[in-house]
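Examining the three-dimensional arrangement
What follows is the residue order along each chain.
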2 protein chains.
Amino acid sequence: MHSTYAREKISMNEEILQKLDTLEQHIHHYNEGIDIGVHPFDIADLLIEIREVDNDLYTASLNKLPSTLLAEVLVELPKSFQEELYTNYGPKKLAKLTESLDTDDAAVLIQHIEEVDEEKADAIMSNLSDEDRDTIEELISYEDHEAGSYMQTEVFEAHLDETIGASILRLKKMKANREIDNVHHVFVVSNKRKFVGMIPLEDLILHGPKELYRDVIEEGKITISVDPHEEIKNVIETVANYDLSVIAVVNQRGILMGRITADDIYDIIEEGATEQIYNLAGVNDTAEQEESIWKIGRSRGLWLGLNLLTAIAASLVIGLFDTTLQSLVALAILMPIVASMGGNAGTQTLTVTVRQMALGDIEADEAKKTIYKEVFISLMNGVVYAVTMGVIAYMWFQMPMLGIVIGMAMIVNLFSAGFFGAVIPLTLKKFGVDPAIGSTVLLTTVTDVVGFFSFLGLATIILL
Amino acid sequence: MHSTYAREKISMNEEILQKLDTLEQHIHHYNEGIDIGVHPFDIADLLIEIREVDNDLYTASLNKLPSTLLAEVLVELPKSFQEELYTNYGPKKLAKLTESLDTDDAAVLIQHIEEVDEEKADAIMSNLSDEDRDTIEELISYEDHEAGSYMQTEVFEAHLDETIGASILRLKKMKANREIDNVHHVFVVSNKRKFVGMIPLEDLILHGPKELYRDVIEEGKITISVDPHEEIKNVIETVANYDLSVIAVVNQRGILMGRITADDIYDIIEEGATEQIYNLAGVNDTAEQEESIWKIGRSRGLWLGLNLLTAIAASLVIGLFDTTLQSLVALAILMPIVASMGGNAGTQTLTVTVRQMALGDIEADEAKKTIYKEVFISLMNGVVYAVTMGVIAYMWFQMPMLGIVIGMAMIVNLFSAGFFGAVIPLTLKKFGVDPAIGSTVLLTTVTDVVGFFSFLGLATIILL
């Protein structure tokens with residue numbers, strides 16, 4: 001055992017030495033301005049691996065990174081690592097890092113620090129240049145669900161009366177100063193930065209350097225843009241519909257404010273899906289990102305409290321039939337089946353309806369069609385399993401009428417599961433409430449109450 | 001009433017005439033080669049609106065579109081509209097449409113037709129050029145979850161020994177022939193199309209036309225690529241990590257096969273999220289896209305059948321305690337509360353675990369940490385609501401010991417909800433099973449069985 005361990009330890013050291021070596025090379029290349037296609041993500045990955053072996057080596061390695069590179073690597077590190085650095089670094093160092101970042105990442109950084117330590121965030125802001133401070137203040141003023149909070153203000157723009165050649169010269173300088181990345185389009189503006197349209201670089205490359213933007217703008221320009229206050233969900237829909245890899249953000253006066261790029265759009269789509277999945281399960285996506293396990297627990301607990309209320313409501317319904325239950329214990333044994341089948345069928349309907357609404361597959365005028373479809377499917381399965389369960393109950397308890405009662409109750413409950421599974425989210429949306437939030441708890445209340453009431457009620461009428 | 005109706009009808013006609021007019025203009029511009037930034041999506045939108053008013057006008061409008069434009073519009077139409085056209089058009093017309101499409105869209109079209117009418121798909125394939133047929137056959141040979149099935153073979157590539165100027169001349173020609181779109185990168189290859197790296201156009205634009213790719217390739221090249229058989233989920237992760245708007249697909253021999261572009265990546269992320277949301281609710285995402293409501297119902301029914309089995313298992317557990325239930329009807333009234341709270345807490349844990357695994361937030365070595373966290377949260381809420389429910393049960397039925405029994409049962413069940421909610425998906429993933437599929441049904445079986453067993457078992461010991 002011991003020798004294996006020792007060998008492992010040596011090979012681990014060799015591995016880490018190799019990683020440190022690779023890191024040194026990356027830093028060297030970066031300092032010399034040699035771009036060999038290493039992404040900050042790779043460096044962050046190296047650092048994470050180094051940290052797993054030795055925390056001091058990790059800190060020492062971080063300190064070796066020039067601050068512009070450190071800034072880029074920082075945003076690729078896990079959130080907990082980032083927060084550690086926000087605590088360890090002083091406001092001046094953090095201000096320097098902020099200035100090296102793209103404006104959207106800088107705004108996120110400041111927001112993170114604000115959450116942990118508001119004073120420090122203020123101190124960093126006062127260390128920034130006026131221009132950077134203004135930009136960041138504007139970006140963090142947008143709400144999370146607004147397009148503006150995802151935009152970066154770095155764009156490659158050109159005036160209508162500029163020549164293509166002159167703009168390319170400017171781009172060369174910006175690239176040399178590492179001021180801009182991911183330039184796939186020129187954003188053409190008229191006076192006062194009024195947005196005219198964007199031209200893909202692939203179209204630009206086809207024109208001569210002496211041509212004016214004014215003369216080429218009509219060909220292949222993309223005039224689609226979004227308002228900074230637009231719901232980010234709508235932005236995603238626009239971007240996906242028009243197959244864009246970037247979209248211009250333009251304010252109400254027509255002024256170009258910035259752009260939202262493909263990498264942000266990936267994140268937004270993932271975040272939107274996470275929000276939906278979590279909300280359907282009674283989990284708050286923002287609360288789940290808290291560091292404190294207590295806060296996560298409290299947020300989930302609120303939801304469970306709501307569920308407790310609905311479970312008690314269902315129990316009150318059962319309590320109405322206590323004499324029925326007393327005279328036939330088989331009813332107590334079978335009643336969870338009716339509720340469970342209704343709950344499951346309803347969840348299927350609810351989930352499909354919520355998701356298809358989110359993807360824009362169900363339009364406002366298709367509500368009726370959706371309800372018909374869902375009721376039909378739920379009822380079809382209701383009949384199949386009503387018969388199945390009726391036969392099982394009959395054979396189990398040797399009571400034919402009990403089979404009929406549970407069968408009828410299941411048909412009633414699966415009908416209402418299909419109906420309410422579609423109606424609840426459609427109605428919530430109509431009233432401007434996010435259909436993913438609260439739908440589930442409303443639905444299970446219905447399927448529990450209807451399930452218990454129909455089963456025990458029918459039993460009272462038919463069996464007693 | 002009548003006059004209002006007539007006025008509505010007239011205004012509707014005016015609106016539709018305007019739409020037809022707009023459409024005519026788009027077609028005119030297209031035929032003249034004037035690109036005014038109208039996206040096929042806009043034309044599809046117009047056609048959908050026209051169809052809502054008059055089906056014949058819709059068909060007539062479709063027939064006016066030149067076939068290259070029709071191809072682009074076709075893929076933007078709703079799936080049901082597309083399938084109608086596959087039925088109405090002959091193999092020759094469909095072959096012509098196929099040839100105008102990007103290869104990835106063409107492969108999807110052929111696959112759609114194959115699903116409906118295999119003979120027609122074969123007839124179309126035999127009408128294609130050998131080259132197009134080979135490409136499409138290769139693309140449809142990939143499985144849905146493989147990178148290859150999302151790639152398009154149209155790339156702008158250049159040889160190491162080509163000058164930048166010569167490659168741009170080629171691009172001009174390709175663009176003029178509408179052979180290629182969304183060119184944000186040059187894919188540089190050596191002999192036999194061996195992939196060397198891709199260069200963003202923005203870097204290319206900084207070099208002179210006489211420079212050889214060989215001499216500029218070291219700067220800013222991106223060597224990241226994926227194998228066509230790679231899991232599409234991993235591709236998404238790579239693309240998101242490296243903030244790419246396009247990724248090269250390169251086979252095992254290093255040959256450039258094609259590329260996957262940002263618009264496909266949006267779709268893949270959305271589809272992946274839909275799959276996860278649906279699977280968690282016991283819904284199959286592929287089956288939901290079926291036209292036949294019977295097939296959708298059958299697929300959901302299978303899942304409900306599985307749920308019926310687990311519900312019966314839970315009922316068998318209840319049946320073990322029939323004498324206990326008979327002697328105290330309060331137990332029958334309260335027992336669904338224990339099961340419901342366990343089910344809800346477990347679903348919270350399960351959903352968060354499944355999603356965080358999918359997003360790569362839970363690494364393999366963090367399984368223990370996840371389980372601890374989830375058990376802690378679930379137990380914390382378990383204690384809070386055990387006390388609450390204990391007091392309620394005591395007051396409701398005036399039995400202090402009943403309060404203690406339900407409280408203890410809830411703590412046991414919420415503990416197991418947190419534990420199994422985390423362990424089930426982690427274990428499924430370890431064995432290579434998609435943790436979203438089947439997790440929910442396994443979990444509710446556990447929370448139902450443990451809930452009923454602990455509550456009725458404790459009641460038998462303590463209360464009788």
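Residues numbered from 1 in each chain as written. Chains lettered and ligands numbered in written order. Predicted model: local features only at pLDDT ≥ 70, side-chain atom pairs only at ≥ 80, totals over all residues. Heavy atoms only, no water.

Our working definition: UniProt positions are given in the numbering used here, feature names are shortened, and annotations may be inferred rather than shown by experiment.
Chain A carries the name Magnesium transporter MgtE in an unreviewed UniProt entry, which gives Sulfurovum xiamenensis as its organism. The annotation that UniProt attaches to chain A under Function (unreviewed entry) is "Acts as a magnesium transporter."

**Re the packing of aromatic side chains**
What counts here: Pairing of aromatic rings covers Phe, Tyr and the six-membered ring of Trp, with a centre-to-centre limit of 6.5 Å; geometry is then stacked below 30 degrees between planes, edge-to-face above 60, and tilted otherwise. Here the term buried applies to any residue with accessible area under 20% of the maximum for its type, exposed to any over 50%, and partly exposed to those in between, with areas from a 1.4 Å probe on protein chains only. The secondary structure listing takes helices from DSSP runs of H or I that are at least 4 residues long and strands from runs of E that are at least 2 residues long, numbered from the N terminus.
The final tally for this structure, using the stated rule, is 17 aromatic pairs over all chains. Ring plane angle 40° and centroid distance 6.4 Å describe the contact between A:F187 and A:F195, whose orientation is recorded as tilted. By relative accessible area, which is 1% here, A:F187 ends up buried. Note on A:F195: relative accessible area 14%, which makes it buried. For the ring pair A:Y242 and B:F41, a centre distance of 5.1 Å and an interplane angle of 75° mean the geometry is edge-to-face. Taken as a pair, A:Y242 in the loop between helix 13 (232–241) and strand 5 (246–250) and B:F41 in helix 2 (residues 40–53) lie in two separate chains rather than in one. For the residue pair A:Y242 and B:F41, the accessibility class agrees, reading buried in each case.

**What about the environment of B:G451?**
To keep things clear, this is the line we draw: Should any heavy atoms of two residues lie within 4.5 Å, those residues are counted as being in contact.
Structurally, the position occupied by B:G451 is in helix 21 (residues 439–463). Residues in contact with B:G451, not counting those within four places in the same chain, are B:V338, B:N413 and B:V446.

**Comments concerning empty space enclosed by the protein**
We count it as follows: Points on a 1 Å grid over protein atoms alone make up a cavity when a 1.4 Å probe fits among them but cannot get out, and a pocket when they form an open set with protein on both sides within 12 Å along at least five of seven lines; lining residues each have an atom within 4 Å of a point. Grid points are joined across faces, edges and corners, and a volume is the space filled by probe spheres set on the points. As a working rule, the residues Ala, Val, Leu, Ile, Met, Phe, Trp, Tyr, Cys and Pro are called nonpolar, Asp, Glu, Lys and Arg charged, and the rest polar, with Gly in that last group.
Applying the stated criterion across every chain yields a total of 7 cavities of 30 Å³ or more. The calculated volume of the largest cavity comes to roughly 940 Å³. Elements with a minimum of two residues in the lining of the largest cavity: helix 14 (262–280), helix 16 (293–319), helix 18 (329–358) and helix 21 (439–463) of chain A together with helix 14 (262–280), helix 16 (293–319), helix 18 (329–358) and helix 21 of chain B. Among the elements that line the lining of the largest cavity, the one with the most residues is helix 18 of chain B, at 9 residues. Here the residues of the lining of the largest cavity are counted per class, giving 21 nonpolar, 21 polar and 2 charged.

**Notes on the pairing of strand 3 (residues 195–200) of chain A**
Residue and element names in this part refer to chain A. So the rule is basically this: Between any two strands, pairing holds if DSSP finds at least two bridges.
With respect to burial, strand 3 is a largely interior element, 5 of its 6 residues being buried. Sheet analysis places strand 2 (residues 185–189) next to strand 3, joined by 5 bridges and oriented antiparallel. Bridged to V188 within strand 3 is G197. Linkage of strand 2 to strand 3, two consecutive antiparallel strands, is achieved through a turn of 5 residues, within which K192 is found at a positive phi near 60°.

**Section: the UniProt feature "transmembrane region" (unreviewed entry) in chain A**
What UniProt calls "transmembrane region" (unreviewed entry) maps, in this numbering, to residues 302–321, 327–354, 375–397, 403–428 and 440–463 of chain A. Overall, residues 403–428 of chain A shows 100% helix and 0% strand. The separation of its end C-alpha atoms is 37 Å.

**Remarks on the domain arrangement of chain A**
For an interface, size is often stated in terms of accessible area lost upon the parts coming together. Residue and element names in this part refer to chain A. To keep things clear, this is the line we draw: The domain boundaries here were taken from an automatic or database domain assignment. What gets called buried area is simply the loss in accessible area from a 1.4 Å probe that two parts show on being joined, summed for both. Any Lys or Arg side-chain nitrogen found within 4 Å of a carboxyl oxygen on Asp or Glu counts as a salt bridge. Here a polar contact means two N or O atoms within 3.5 Å. Within protein one must be a hydrogen donor candidate and the other an acceptor candidate, and residues neighboring in sequence count only if both atoms are side-chain atoms.
Along its sequence, chain A is organised into domain 1 (2–145), domain 2 (157–261) and domain 3 (285–463). Look at where the C-alpha atoms of domain 1 and domain 2 centre, and you get two points 30 Å apart. Between domain 1 and domain 2, the residue contacts involve 5 residues of the former and 7 residues of the latter. Here domain 1 packs against domain 2, burying approximately 570 Å² in sum over the two surfaces, 46% of which is carbon and sulfur. Inspection of the region where domain 1 meets domain 2 yields 0 salt bridges. Along the contact surface separating domain 1 from domain 2 lie 2 residue pairs in polar contact (both at pLDDT 80 or more). Split into classes, the residues belonging to the side of domain 1 that touches domain 2 amount to 2 nonpolar, 2 polar and 1 charged.

**Describing the nonpolar core**
This is how it is decided: Only buried residues count toward a nonpolar core, which is a set of Ala, Val, Leu, Ile, Met, Phe, Trp, Tyr and Cys residues joined through side-chain atoms within 4.5 Å.
Counting residues in each nonpolar core, the largest one holds 143 residues, and the members touching the most others are A:L65, A:I260, B:L65 and B:I260. Here the element with the most residues in this core is helix 2 of chain B; it accounts for 7 residues. Ignoring anything within four residues of it in the chain, the contact list for B:L65 reads B:I27, B:I43, B:L47, B:L70 and B:V73. Within the second largest apolar cluster, 76 residues are counted, among which are B:L325, B:V338, B:M389 and B:F455.

**Considerations on the relation of the copies chain B and chain A**
Put simply, the test is: Our superposition of the copies is a least-squares fit, built on the C-alpha atoms of residues whose pLDDT is at least 70 in both.
Superposition record for chain B on chain A: RMSD 0.1 Å, screw rotation 180°, translation along axis 0.0 Å. Here the transformation between the copies is reduced to the relation of a two-fold axis. Of the interface residues in chain B, 99% have counterparts in chain A that sit at the interface too, so the contact is made through matching surfaces.

**Some details on helix 13 (residues 232–241) of chain B**
Residues and elements named next belong to chain B. Operational definition: Each C-beta atom gives one direction from the helix axis, and the arc is the one those directions make.
Looking at helix 13, one finds that the buried residues are I232, V235, I236, T238 and V239. Projected down its long axis, helix 13 carries its buried residues within an arc of 165°, all on one side. Directly after helix 13, the chain includes D243, whose backbone phi takes a positive value near 50°.

**Details of the pattern of salt bridges**
Applying the stated criterion across every chain, the model contains 32 salt bridges over all chains. Between A:E49 and A:K19 there is a salt bridge; the shortest N-O distance is 3.2 Å. In this pair, A:E49 is assigned in helix 2 (residues 40–53) and A:K19 in helix 1 (residues 2–31), connecting sequence segments 30 residues apart. Given the relative accessible area of 31%, A:E49 is considered partly exposed. Under the relative-accessibility criterion, A:K19 is labelled buried at 16%. Among the salt bridges present, the one from B:D161 reaches B:R214, with a minimum N-O distance of 2.7 Å.

**Observations regarding the interface of chain B and chain A**
The partner chain A presents 103 residues to the 104 residues of chain B that form the contact. Between chain B and chain A, the buried area comes to about 9,400 Å², and carbon and sulfur atoms account for 67% of it. Among the residues of chain B in contact with chain A, B:E202, B:Y266 and B:Q348 are the three that bury the most area, contributing 8% of the side total. Joining chain B to chain A, the criterion identifies 8 salt bridges. Measuring nitrogen to oxygen at the nearest pair gives 3.2 Å for the salt bridge that ties A:D203 to B:K175. The tally of links between chain B and chain A comes to 38 residue pairs in polar contact (both at pLDDT 80 or more). No other element matches the 19 residues that helix 16 of chain B contributes to the side of chain B that touches chain A. The class makeup of the residues in the side of chain B that touches chain A is 56 nonpolar, 27 polar and 21 charged.

**Regarding the side chain of A:N381**
Along the polypeptide, A:N381 turns up in helix 19 (residues 367–397). Setting aside residues no more than four positions away along its own chain, A:N381 makes contact with A:L414, B:G297, B:R300, B:G301 and B:L304.

**What about the confidence of the model for chain A?**
Residue and element names in this part refer to chain A. Going by this rule: Each residue carries a pLDDT score, the predictor's own confidence in it, on a scale running from 0 to 100.
Overall, the predicted model of chain A reaches an average pLDDT of 89, with 96% of residues at or above 70. Taken element by element, chain A is modelled with least confidence in helix 1, mean pLDDT 71, and with most confidence in helix 20 (residues 400–430), mean pLDDT 96. This model gives residues 1–6 a pLDDT under 50, and the stretch forms 0 contacts once residues within four places in sequence are excluded.

**With respect to a nonpolar patch on the surface**
Residue and element names in this part refer to chain A. Threshold: For patches, a residue must show more than 30% relative accessible area and have no salt bridge; joins then use 9 Å for like charges and 5 Å for nonpolar side chains, namely Val, Leu, Ile, Met, Phe, Trp and Tyr. We get accessible surface area from the Shrake-Rupley algorithm with a probe of 1.4 Å; when it comes to residues, only the shown protein chains can shield them.
Taken together, the side chains of V383, V387, V391, Y394, M395 and I411 define a hydrophobic patch exposed on the protein surface, amounting to about 510 Å² of accessible area. Here I411 shows up in helix 20. Overall, the relative accessible area of 32% leaves I411 in the partly exposed class.

**Concerning the sheet that holds strand 5 (residues 246–250) of chain B**
The strand order across the open sheet built from 3 strands is 4-5-6 (chain B), with neighbouring strands paired in mixed fashion. On the outer flanks of this sheet lie strand 4 (225–226) and strand 6 (256–261) of chain B, each paired with one strand and no other.

**Describing the packing of helix 13 of chain B against helix 14 of chain B**
Residues and elements named next belong to chain B. Rules: Interaxial angle, 0 to 180 degrees, is taken between N-to-C directions of lines fitted to C-alpha atoms, where a helix line uses only the stretch in contact. The scheme is simple: roughly parallel for angles under 35 degrees, roughly antiparallel for over 145, roughly perpendicular for 65 to 115, oblique for anything else. The hand of a helix crossing depends on one turn: near helix anticlockwise from the far one by less than a right angle means left-handed, and clockwise means right-handed.
Running from N to C, helix 13 and helix 14 cross one another at 120°; their axes reach a closest spacing of 11 Å. By the angle between their directions, the pair helix 13 and helix 14 is classed as oblique. The way helix 13 lies across helix 14 gives a crossing that is left-handed. Between helix 13, through I232, I236 and V239, and helix 14, the contact on the second element is made entirely by I265, I268 and I269. Looking at the contact of helix 13 with helix 14 residue by residue, the class counts come to 6 nonpolar, no polar and no charged.

**A word on the sheet that holds strand 6 (residues 256–261) of chain A**
Hydrogen bonds between backbone groups are what pair the strands of a sheet, and the pairing can be parallel or antiparallel. Residue and element names in this part refer to chain A. Taking strand neighbours across the sheet as the criterion, the 3 strands line up as 4-5-6 in an open arrangement whose pairing is mixed. Both outer strands of the open sheet, strand 4 (225–226) and strand 6, are each paired with one neighbouring strand and no more. Here 2 bridges tie strand 4 to strand 5, and the two strands are oriented parallel to one another. Counted as the bridge partner of S225 is A248 from strand 5.

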